[in-house]
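Each chain, letter by letter, is given below.
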2 protein chains.
Amino acid sequence: MPESSAIRDLGAFVAATTLDDIPPEVRHQARRTLLNFVAGALGAASDPTVAAAARVLGECTGRATVIGRGDRLEPMAASFVNAVASNLLDYDDTHLATVIHPGAPVAPPALALAETRALGGADLVLATALGVEVACRIGLSVSPEHYDRGWHITATCGVFGSAAASARLLGLDAEGVAHAIGIAASASSGLVENLASAAKNVGVGNAARNGLLAARLAAEGYAAAPTALEGRLGWARASGRPMDLEVLTGELGSRWELARNTYKPYPCGIVMHSVVDAGLALRAGLRDPLREVVDVEVAGDALLLARGDRAVTDERDARVSIHHCAAAALLWGAAGVREFGRERVMDAAVRTMRSRVRVALDASQPRGAARMTVRLAGGEVLETTVVHPKGSEAVPLSDAELEAKLRELAAYGGARCEPDAVIEAVWGLERAPSVAPLTALVAGR
Amino acid sequence: MPESSAIRDLGAFVAATTLDDIPPEVRHQARRTLLNFVAGALGAASDPTVAAAARVLGECTGRATVIGRGDRLEPMAASFVNAVASNLLDYDDTHLATVIHPGAPVAPPALALAETRALGGADLVLATALGVEVACRIGLSVSPEHYDRGWHITATCGVFGSAAASARLLGLDAEGVAHAIGIAASASSGLVENLASAAKNVGVGNAARNGLLAARLAAEGYAAAPTALEGRLGWARASGRPMDLEVLTGELGSRWELARNTYKPYPCGIVMHSVVDAGLALRAGLRDPLREVVDVEVAGDALLLARGDRAVTDERDARVSIHHCAAAALLWGAAGVREFGRERVMDAAVRTMRSRVRVALDASQPRGAARMTVRLAGGEVLETTVVHPKGSEAVPLSDAELEAKLRELAAYGGARCEPDAVIEAVWGLERAPSVAPLTALVAGR
């Protein structure tokens, strides 16, 4: 390998960093990422989509826990199912600068390896931190063009995070980690076009599963080109733009992208969160929304419109629909998993309310912002603009809110589970000599 | 789904086509593709790279045969190992218009499903034909820019062939096949930058394995966007250029890209084959090449130089090295698996001969051609130009030559195997009520 290359620099970082090198508040973000991952997976555990994934991958039996389902599968298979589950309800964590949801691709392989190789909770926290960091830094180095071209960045960059976390837990040296990341470059995939279909979840599941495979093959001596990422015919250029190597590795070990991870308060597309908050704010001034509201205009930038201006035919559409986000918040004053579940999405009242929502372009709105204007039957007009929605970097979810989210999801998913014990186990991971107590608590049966 | 879309049109074709719809000579190409696939996998069965893949995937035990190794794995796992093996020696089949090597990603999942679902040999031939056709047509619709940007087209398009072949063998209807192909779009990956490393084989293995997963998930109701391939944020545009939909689906069912599949006579990069043929031709005029040859110039177009002008440090380099291809042909008058094996690649005489080879750009040469000029110690100059190397569409390998290739590879790989019985079983597949006799013959122990 040459002296320096993108995968070599990342490999050295991943192989050398210890938990003590990571500031306490950044480590806490790794635990929050794990808590949010477990919450999402518990919430979707009984969903038919997850059940189908568990059937298809179920031929690969093994010793890694599938959250909330009691199955024990080979680690790659378990990683796929857990990643699909934790991503399914669109209730992920989000690194807003890249719009990567890093928990779903990174945490499942880390958990599966920590469990099956009898590693400690501190190993799991460290590997999660490093995997998230690698995924987000690679994503940032090609943003925003990468996503804008149609690459579902959670999947395309998640595979690097999975490879890095897995390589660390397999004990690879710097060169081994580098090869794992370089092999993962030949397994990077996922499309924005598929976002409103189950193919999205397959991309995220494959990121978790194929990153782990890359690391295991690297552990067996499989190699990649040193320039797999930044080379002339490498990942970054093939997928649309050269990497910014300064962004990729600048202040590595001192600037932590993981510190900027956020956690969704609503189970829908992250750019729709301002719409939800605007709807909830205006709801406070209404007594009977279905009768009072005549017309709703939601204005935002081109990204909001590109992602969210769609007809709703099922709950997948609802989770990326400006119309449903606005209608649910205005109608019910709530936007949790129930409001994005099939029954409520198909409800007659919310259909009517959705039909009153119009979407308008306002290029002056900053990314992630939304202005909502509601006209009432009596002629009154209510208006609010949300720039920093709840759960954003400016208004982060508190630990208590994250715990409440896990409780909500555990109840929604229906797996047998003591939410408070799960929460305690995750917060205490750095002191846990084994992850077995945690996996037992989330196995669900 | 809309009336017509790329995946829908391909889905209808794959679901509706029967073996009787395919001309006999095209069906014969499907059998040749299978024979070549089996040959390649037998040849690499005992290679350490394949052994490592078999270890990593070996946790997923099942009922699908790993060729030449006796292992029986879950179908996705077996597909990965068989695809890696059949691609490892660079002795593939080649669809020259796209430079896709379709056998490695398509045949393994087809064989694994035919075996584990107790299907007939005719099913295997049909699925292979349809999978190769889908892979090559999708590749052709984005060629040559797709490959030129850095996408290893065998892997990136192979996943579609795997999904199509698998979906057909799973009995999916037109819509199910369409979803399988659309899901595969979110699993398409593989990089030219990684071609000289084992990461290349991982890309090909993943194409086989992830295409099968896409089909199995489609069978469980997983869906993709109808416009997963040609949409604004879909596969083709994300990876660099819009699809030519006329190329994709024009004359579907009457024009067969499979008919243009070719089979390598030498285990090296396809663009190097003219170099080998030129060296073999000039070798005939030499008595003691190592003493006589002073200087060798190989001239070709930019693609030849881009792929083959490299220092040789190991046998992977040798397989994509103009220098080694020229040196081996001139020195030994042969270019088979032995001449590209580790021992001969590291041999002192061939190192010397390689050091005498220079590469020159001659943009007037057509793609795939090479001019070789050899200057001898006595001052004499020998020169030849090869435009259509052996194994190309113009000079196809005969069935007898393909059979000889299988015998050579079976002996090289060292698995217990009766080559003539294997050959007979492949030629007779369309009349075989089961593929079990074939898998028993190639299991190797």
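Residues numbered from 1 in each chain as written. Chains lettered and ligands numbered in written order. Predicted model: local features only at pLDDT ≥ 70, side-chain atom pairs only at ≥ 80, totals over all residues. Heavy atoms only, no water.

(A) Main features of the overall build of chain A. Scanning chain A from terminus to terminus reveals 22 helices and 8 strands. For 445 residues, the compact-globule estimate of 2.2 N^0.38 gives 22 Å, and the C-alpha radius of gyration of chain A, at 21 Å, lies within 12% of that figure. Taking the principal axes of its C-alpha atoms as reference, chain A extends roughly 70 × 50 × 40 Å. In chain A, buried positions account for 66% of the 445 residues. The long-range share in chain A, meaning contacts at least 24 apart out of those at least 6 apart in sequence, stands at 76%. Carbon and sulfur atoms form 49% of the exposed surface of chain A, whose accessible area is close to 14,000 Å². The positive charge centre, built from 44 side chains, and the negative charge centre, built from 51, are 4 Å apart in chain A. (Helix = DSSP H or I, 4+ residues; strand = E, 2+ residues; numbered from the N terminus. Rg over C-alpha atoms; globule rule 2.2 N^0.38 Å. Buried < 20%, exposed > 50% of the residue type's maximum accessible area, 1.4 Å probe, protein only. Contact = heavy atoms within 4.5 Å. Areas by Shrake-Rupley, 256 points an atom, 1.4 Å probe, with all protein chains shown as cover. Lys, Arg positive; Asp, Glu negative; His and termini not counted. Charge placed at Lys NZ, Arg CZ, Asp CG, Glu CD.)

(B) Main features of the interface of chain A and chain B. Across the contact, 58 residues belong to chain A and 58 residues belong to chain B. Carbon and sulfur atoms supply 56% of the area that chain A and chain B bury against each other, a total of about 4,800 Å² over both sides. For the chain A face of the interface with chain B, the top three residues by lost area are E193, Y222 and L233 of chain A, together amounting to 15%. The interface formed by chain A and chain B includes 4 salt bridges. Remark: the boundary between chain A and chain B carries 42 residue pairs in polar contact (both at pLDDT 80 or more). Only α3 (48–57), α4 (75–88), α9 (174–185), α10 (198–219) and α11 (235–238) of chain A provide two or more residues apiece to the side of chain A that touches chain B. Among the elements that line the side of chain A that touches chain B, the one with the most residues is α10 of chain A, at 10 residues. For the side of chain A that touches chain B, the class distribution of residues is 28 nonpolar, 18 polar and 12 charged. (Buried area = accessible area lost by both parts, 1.4 Å probe. Salt bridge = Lys/Arg side-chain N within 4 Å of Asp/Glu carboxyl O. Polar contact = N/O pair within 3.5 Å; in protein donor to acceptor, adjacent residues only side chain to side chain. Nonpolar A, V, L, I, M, F, W, Y, C, P; charged D, E, K, R; others polar.)

(C) Molecular detail of the relation of the copies chain A and chain B. Relative to chain B, chain A is turned by 180° and slid 0.0 Å along the rotation axis, the superposed coordinates differing by an RMSD of 0.0 Å. Taken together, the rotation and translation relating the two chain copies correspond to the operation of a two-fold axis. In terms of proximity to the rotation axis, the leading residue of chain A is C60 of chain A, whose C-alpha is 2.4 Å off the axis. Here 100% of the contact residues of chain A are again contact residues in chain B; the copies associate through an equivalent surface. (Least-squares fit on C-alpha atoms with pLDDT ≥ 70 in both.)

(D) Focus on the packing of α9 of chain A against α10 of chain A. Residues and elements named next belong to chain A. At a closest axis distance of 8 Å, the pairing of α9 and α10 adopts a crossing angle of 135°. On the basis of the axis angle, α9 is oblique to α10. The handedness of the crossing between α9 and α10 is right-handed. When α9 is examined against α10, the residues G176, H179, A180, I183 and A184 are found in contact with a partner set consisting of A214, A215 and A218. Looking at the contact of α9 with α10 residue by residue, the class counts come to 6 nonpolar, 2 polar and no charged. (Axes fitted to C-alpha atoms, helices over the stretch in contact; angles between N-to-C directions. Parallel < 35°, antiparallel > 145°, perpendicular 65-115°, else oblique. Left-handed = near helix turned anticlockwise from the far one by under 90°.)

(E) A look at the sheet that holds strand β6 (residues 357–361) of chain A. Residue and element names in this part refer to chain A. Within the open sheet, the 4 strands sit side by side as β6-β5-β7-β8. Their pairing is mixed. Edge positions in the open sheet fall to β6 and β8 (381–386), since each of these has one partner strand only. Along the sheet, successive strands turn relative to each other by an average axial angle of 15°, direction set aside. Bridge count for strand β7 (residues 370–376) against β8 is 6 bridges, and the pairing is antiparallel. Across the sheet, residue M372 finds its bridge partner in β8, namely T384. Strand contacts of helix α17 (residues 322–332): β5 (293–300), β6 and β7, with the helix running at about 125° to β6, the strand carrying the most contacts. (Pairing = 2+ DSSP bridges.)

(F) Main features of the packing of aromatic side chains. Taken as a whole and judged by the stated rule, the model has 5 aromatic pairs over all chains. The interplanar angle of 45° and the centroid separation of 5.7 Å between the aromatic rings of W151 of chain A and W151 of chain B together place this pair among those described as tilted. Of the two residues, W151 of chain A is situated in the loop between α7 (145–148) and α8 (153–169) and W151 of chain B in the loop between α7 (145–148) and α8 (153–169); the pairing between them involves two chains. As far as the burial class goes, W151 of chain A and W151 of chain B line up, both buried. Arranged with centres 5.1 Å apart and planes meeting at 85°, the rings of F160 of chain A and W235 of chain A form a pair that is edge-to-face. Placement of F160 of chain A in helix α8 and of W235 of chain A in helix α11 is noted, with a sequence separation of 75 residues between them. Relative accessible area serves as the criterion here: at 0%, F160 of chain A is assigned to the buried category. Taking the ring centre of W332 of chain A as reference, the NZ or CZ of R344 of chain A above it sits at 4.5 Å. (Phe/Tyr/Trp six-rings, centres within 6.5 Å; stacked < 30°, edge-to-face > 60°. Lys NZ or Arg CZ within 6 Å of the ring centre and 35° of its normal.)

(G) Structural detail: helix α3 (residues 48–57) of chain B. Counting buried residues along α3 of chain B, 8 of its 10 residues qualify, which places the element largely inside the surrounding structure. Of all the positions in α3 of chain B, only T49, V50, A51, A52, A53, A54, V56 and L57 of chain B are classed as buried. Of the surrounding elements, those touching the buried residues of α3 of chain B are α4 and α10 of chain A together with β2 (72–73), α4 (75–88), α10 (198–219) and α16 (315–319) of chain B. Where α3 of chain B begins, the side chain of D47 of chain B points an oxygen toward the backbone nitrogen of T49 of chain B, at a separation of 2.8 Å.

(H) A look at unusual backbone geometry. Note that the residue after S143 of chain A, namely P144 of chain A, is joined by a cis bond; omega there is 0°. Of note, the phi angle at V99 of chain B is positive, near 65°, even though the residue is not glycine. Note that V99 of chain B resides in the loop between β3 (93–95) and α5 (103–116). The phi dihedral of E251 of chain B is positive, around 55°, even though this residue is not glycine. As for its position among the elements, E251 of chain B is in the loop between α12 (245–249) and β4 (261–263).

(I) Inspection of the pairing of strand β5 (residues 293–300) of chain B at higher detail. Residues and elements named next belong to chain B. Counting buried positions over the 8 residues of β5 gives 7, a clear majority of the element. Relative to strand β7 (residues 370–376), β5 runs antiparallel, the two sharing 6 bridges. Residue pairing in the sheet places A299 in a bridge with R371 of β7.

(J) Summary view of the pattern of salt bridges. Residues and elements named next belong to chain A. Tallying each qualifying case throughout the model produces 48 salt bridges over all chains. Across the salt bridge formed by E401 and K390, the nearest N and O atoms sit 3.6 Å from each other. Remark: K390 occurs in the loop between β8 and α20 (399–413) and E401 occurs in helix α20; sequence separation between them is 11 residues. The salt bridge involving R407 is made with D420; its shortest N-O contact spans 2.8 Å. You can see R407 sitting in helix α20 and its partner D420 sitting in helix α21 (residues 419–427), a full 13 residues away along the chain.

(K) Region of interest: the state of the cysteines. Summed over the entire model, instances satisfying the criterion amount to 0 disulfides over all chains. For the unlinked cysteine C325 of chain A, the closest cysteine sulfur is that of C268 of chain A, found at 3.8 Å. (Disulfide = S-S within 2.5 Å.)

(L) Molecular detail of the domain arrangement of chain A. Residues and elements named next belong to chain A. Considered domain by domain, chain A is made up of domain 1 (6–265 + 395–442) and domain 2 (270–386). Taking only C-alpha atoms, the centre of domain 1 and the centre of domain 2 are 31 Å apart. Domain 1 puts 20 residues into the contact, and the matching count from domain 2 is 13 residues. Summing the contributions of domain 1 and of domain 2, the shared interface buries around 1,400 Å²; its carbon and sulfur component is 58%. Put simply, domain 1 and domain 2 have 1 salt bridge between them. Residues R319 and D90 are paired through a salt bridge, measuring 3.7 Å at the closest nitrogen-oxygen approach. Counting the contacts that link domain 1 with domain 2 gives 4 residue pairs in polar contact (both at pLDDT 80 or more). Considering each element in turn, the side of domain 1 that touches domain 2 owes the most residues, 3 residues, to α20. Its residues assigned to classes, the side of domain 1 that touches domain 2 comprises 13 nonpolar, 4 polar and 3 charged. (Domains from an automatic or database assignment.)

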